[in-house]
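Observations on the model geometry
Below are the chains, spelled out letter by letter.
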Amino acid sequence: MSQSLSVPASQERGAASPTAMSDRWFSILLIVPAMLVILVFALLPLAYALDVSFRFADLTRGRIGDFVGLDNYRAVLHDRAFWSSVGVTLKFTLTAVTLEMVLGIAIAFLIHGATAGKGIIRSLMILPLATSAAVTGLFWRYLYDTQFGLINHFLGLVGLPEPNWLGDYTIALWSVILFDVWQWTPFVALIALAGLQALPKEPFEAAELDGASTFRVLRTLTFPMLKPVLFLVLVLRTIDSVRLYDAVAVLTRGGPGTVTETMTFYLYRTGLKLFRMDYASTMAIFFLYAMLVASLFALRPLLTQFSSRASEG
Amino acid sequence: MLQRESSFAKEALRYGLIVLVLGFIVFPIAWMIITSFKPADAIMVSPPRFLFTPTLENYVHAIYDKNFLFYIKNTLFISVASTIIVVVTGSLAAYSFARYNVGDGHLLFFILSTKMFPAIAVILPYFLIFREVGKTGIGSFLGIGLDRPGALIISYTVFNLPFAIWLLVSFFQDIPRELEHSARLDGLSRLKVLAKVVCPLAAPGIAVTGVFTLIFSWNEFLFAYILTRKAASTVTVGVESFFTLQGILWGPVAAAATISVLPMLVFVLAMQRYMVRGLTFGAVRG
């Protein structure tokens with residue numbers, strides 16, 4: 001990693017062009033364009049959002065207004081709709097991610113044990129990941145349709161109840177979860193499968209010679225060795241789920257009532273439907289803070305672990 | 001895992017389950033494509049009809065009446081432009097991170113944390129800023145502002161750059177340093193080494209990163225939905241235009257959705273060797 005590409009000075013003098021510069025300057029020059037993009041277009045807007053969060057900004061009454069201190073923060077913390085959207089988000093994340101992890105890992109084992117056809121199986125599994133949630137999600141409304149939908153048609157054929165998938169207060173969030181599980185379980189399965197296939201063979205052969213039970217092999221060998229990969233998938237899925245917007249926007253628009261209104265969707269509604277930019281910006285700052293803490297404590301150690309292993313190997 | 005003799009019944013069960021899982025995964029997409037070829041009188045019927053005479057009328061409706069190719073054209077322009085910027089600036093930065101370890105890992109992680117930003121957090125400032133910039137002469141000259149392509153090009157560049165840098169770093173790390181060393185000893189400048197030795201070797205990785213960026217931009221919805229109205233709208237927003245007062249026109253929706261999803265399906269299938277690596281920011285090399 002730290003080893004640089006500089007050539008010993010004695011050789012460099014004869015070899016390099018007159019514009020020769022140090023490694024340090026060269027390396028800094030290379031990152032300037034990307035850093036500029038990120039600083040200007042990611043950090044400046046955030047600074048702007050931070051500024052708005054301390055002001056009165058009701059766009060229906062004109063421009064961004066006066067400094068109001070922490071009023072917006074107080075208001076958001078006392079806003080029951082905000083907390084309810086946090087609740088919906090947590091419920092969605094917990095259920096969807098758990099289902100995706102469990103099913104995904106199970107599917108990975110299922111495919112890993114298959115003797116033939118792995119290539120075609122993998123190709124088919126990738127498909128949902130290529131599609132946009134906004135487009136396929138919209139089409140899922142047709143599948144969920146109470147009158148013309150295929151799902152209820154099949155349920156009816158086997159004599160099961162035919163629920164109102166998107167209109168029923170108790171079911172709507174589950175319908176959004178089911179769609180998310182459809183789209184993202186293959187993601188978990190693919191990565192878990194890659195992890196399984198990268199495991200070294202020797203420990204498993206040794207365990208077999210010792211006559212260890214399948215359960216014991218799973219518990220003492222497979223899962224401990226898979227843990228880093230699985231944990232990475234878990235963190236990536238969680239971060240994505242907390243930000244859920246597209247599926248809600250096309251499937252339920254937060255309804256019925258607000259039972260599927262996630263944090264992102266409530267933030268969008270507050271800022272761009274009710275035009276309370278001040279409250280919305282405050283929520284954005286809360287949200288951002290939570291994500292930064294999460295990625296600092298969960299994602300960073302993980303990725304560092306992976307990249308150091310890669311550069312050793 | 002264990003190389004045990006597995007009976008025929010066990011194998012049959014395994015493949016039965018696999019077929020079931022694949023059915024669940026593929027079915028919604030397949031049904032969407034099937035619906036796109038259904039005549040109108042076979043779509044809004046109960047029970048759903050599985051046999052019908054295929055027709056192209058939904059495609060005709062989507063393309064001629066709803067002008068769906070307009071959205072395709074917008075999306076293509078916006079995603080390609082943003083992908084080019086991402087790949088060029090991203091490759092330079094990633095090479096620097098992979099070889100010179102600028103910022104000792106901290107900078108690289110800072111870049112990743114911007115990827116973790118919830119897009120919605122920057123959307124409000126983007127909305128306000130682009131609204132103001134759009135009113136100025138510079139804004140209209142550069143095509144930046146609400147409902148202008150520049151706004152989305154910028155958004156997609158910012159949001160894909162961190163991902164691209166991480167993935168590219170993993171590809172650059174795979175290139176053996178010895179080649180660069182010997183090229184340097186042969187008298188090539190650092191820039192020439194990068195252009196003539198490293199880039200050709202990294203080309204597959206750069207291409208993979210580019211395709212990922214293209215797919216993400218193509219499928220993006222939130223920015224497109226909020227920052228555009230009509231003139232600069234992309235496919236994901238365009239599909240929404242099929243909502244009418246009479247309800248959703250499912251046939252044309254399916255046709256439009258198929259048109260917009262198909263190119264990405266092809267890309268993803270072509271790239272499947274790199275899917276795992278791409279989806280984990282280069283961490284799992286699959």
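- Chain B has the name ABC transporter permease in an unreviewed UniProt entry, where Sinorhizobium medicae is given as its organism.
- We quote the UniProt Subcellular location (unreviewed entry) comment for chain B here in full: "Cell membrane".
- What the UniProt record of chain B gives under Sequence similarities (unreviewed entry) is the line "Belongs to the binding-protein-dependent transport system permease family."

- Chain A has the name ABC transporter permease in an unreviewed UniProt entry, where Sinorhizobium medicae is given as its organism.
- UniProt's Subcellular location (unreviewed entry) comment on chain A is quoted here verbatim: "Cell membrane".
- Per UniProt, the comment on chain A under Sequence similarities (unreviewed entry) is "Belongs to the binding-protein-dependent transport system permease family."

Some words on the overall build of chain B
- Within chain B one finds 13 helices and two strands.
- Overall, the C-alpha framework of chain B stretches about 75 × 75 × 30 Å when taken along its three principal axes.
- The buried share of chain B, taken over its 286 residues, is 51%.
- In chain B, of all internal contacts separated by at least 6 residues, the share reaching a separation of at least 24 is 72%.

Considering the overall build of chain A
- From N to C terminus, chain A includes 13 helices and zero strands.
- Along chain A, from the amino end to the carboxyl end, the secondary structure elements read α-α-α-α-α-α-α-α-α-α-α-α-α.
- If one aligns the C-alpha atoms of chain A with their principal axes, the spans along those axes are about 75 × 65 × 30 Å.
- When burial is assessed residue by residue, chain A has 40% of its 313 residues classed as buried.

Re the environment of B:Phe141
All names here are of chain B.
- Its place among the elements puts Phe141 in helix α6 (residues 137-142).
- Residue Phe141 is classed as exposed on the basis of its 9 C-beta neighbours within 10 Å.
- Residues Phe141 and His181 lie 40 residues apart in sequence; the distance between their C-alpha atoms is 46 Å.

Looking at the domain arrangement of chain B
All names here are of chain B.
- As far as domains go, chain B holds domain 1 (8-55) and domain 2 (59-279).
- Centre-to-centre separation of domain 1 and domain 2, based on C-alpha positions: 32 Å.
- Listed by partner, the interface residues are seven residues for domain 1 and six residues for domain 2.
- In terms of residue class, the side of domain 1 that touches domain 2 is made up of four nonpolar, two polar and one charged.

A look at the nonpolar core
- The biggest cluster of nonpolar side chains holds 173 residues, and the ones touching the most others in it are A:Leu190, A:Ile191, A:Ala284, B:Ile165, B:Leu227 and B:Val253.
- With 17 residues, the single largest contributor to this core is helix α7 (residues 149-174) of chain B.
- The two domains that each donate at least three residues to this core are domain 1 (8-55) and domain 2 (59-279) of chain B.
- Not counting the four nearest positions on each side in its chain, A:Ala284 is found in contact with A:Ala49, A:Leu267, B:Ile120, B:Ala121 and B:Leu124.

A closer look at helix α3 (residues 68-100) of chain B
- With 33 residues, α3(B) ought to run about 48 Å at 1.5 Å a step, and its terminal C-alpha atoms sit 47 Å apart, in line with that.
- At the C-terminal side of α3(B), B:Asn101 shows a positive phi close to 50 degrees.

Some remarks on the packing of helix α4 (residues 80-112) of chain A against helix α8 (residues 172-197) of chain A
All names here are of chain A.
- Put simply, α4 and α8 touch, their axes get as near as 6 Å, and they point 40 degrees apart. Taken together, the axes of α4 and α8 are oblique relative to one another. Between α4 and α8 lies a crossing whose hand is right-handed.
- Along the lines of polarity and charge, the residues of the contact of α4 with α8 split into 20 nonpolar, five polar and three charged.

Describing the packing of helix α2 (residues 23-53) of chain A against α3(B)
- For the pair α2(A) and α3(B), the least separation of the axes is 8 Å and the interaxial angle reads 140 degrees. Relative to α3(B), the element α2(A) is oriented oblique. Considering the relative orientation of α2(A) and α3(B), their crossing is left-handed. Within the contact between the two elements, α2(A) uses A:Asp23, A:Ser27, A:Leu30, A:Ile31, A:Pro33, A:Ala34 and A:Val37 and α3(B) uses B:Thr89, B:Gly90, B:Leu92, B:Ala93, B:Tyr95, B:Ser96 and B:Tyr100.
- Of the residues in the contact of α2(A) with α3(B), the class split is nine nonpolar, four polar and one charged.

Rules behind the numbers
- Residues numbered from 1 in each chain as written.
- Chains lettered and ligands numbered in written order.
- Predicted model: local features only at pLDDT ≥ 70, side-chain atom pairs only at ≥ 80, totals over all residues.
- UniProt positions renumbered as here; feature names shortened; annotations may be inferred.
- Helix = DSSP H or I, 4+ residues; strand = E, 2+ residues; numbered from the N terminus.
- Buried ≥ 20, exposed ≤ 12 C-beta atoms within 10 Å, placed from the backbone.
- Contact = placed C-beta atoms within 7 Å.
- Domains from an automatic or database assignment.
- Nonpolar A, V, L, I, M, F, W, Y, C, P; charged D, E, K, R; others polar.
- Core = buried A, V, L, I, M, F, W, Y, C linked by C-beta atoms within 7 Å.
- Expected span 1.5 Å × (residues − 1).
- Axes fitted to C-alpha atoms, helices over the stretch in contact; angles between N-to-C directions.
- Parallel < 35°, antiparallel > 145°, perpendicular 65-115°, else oblique.
- Left-handed = near helix turned anticlockwise from the far one by under 90°.

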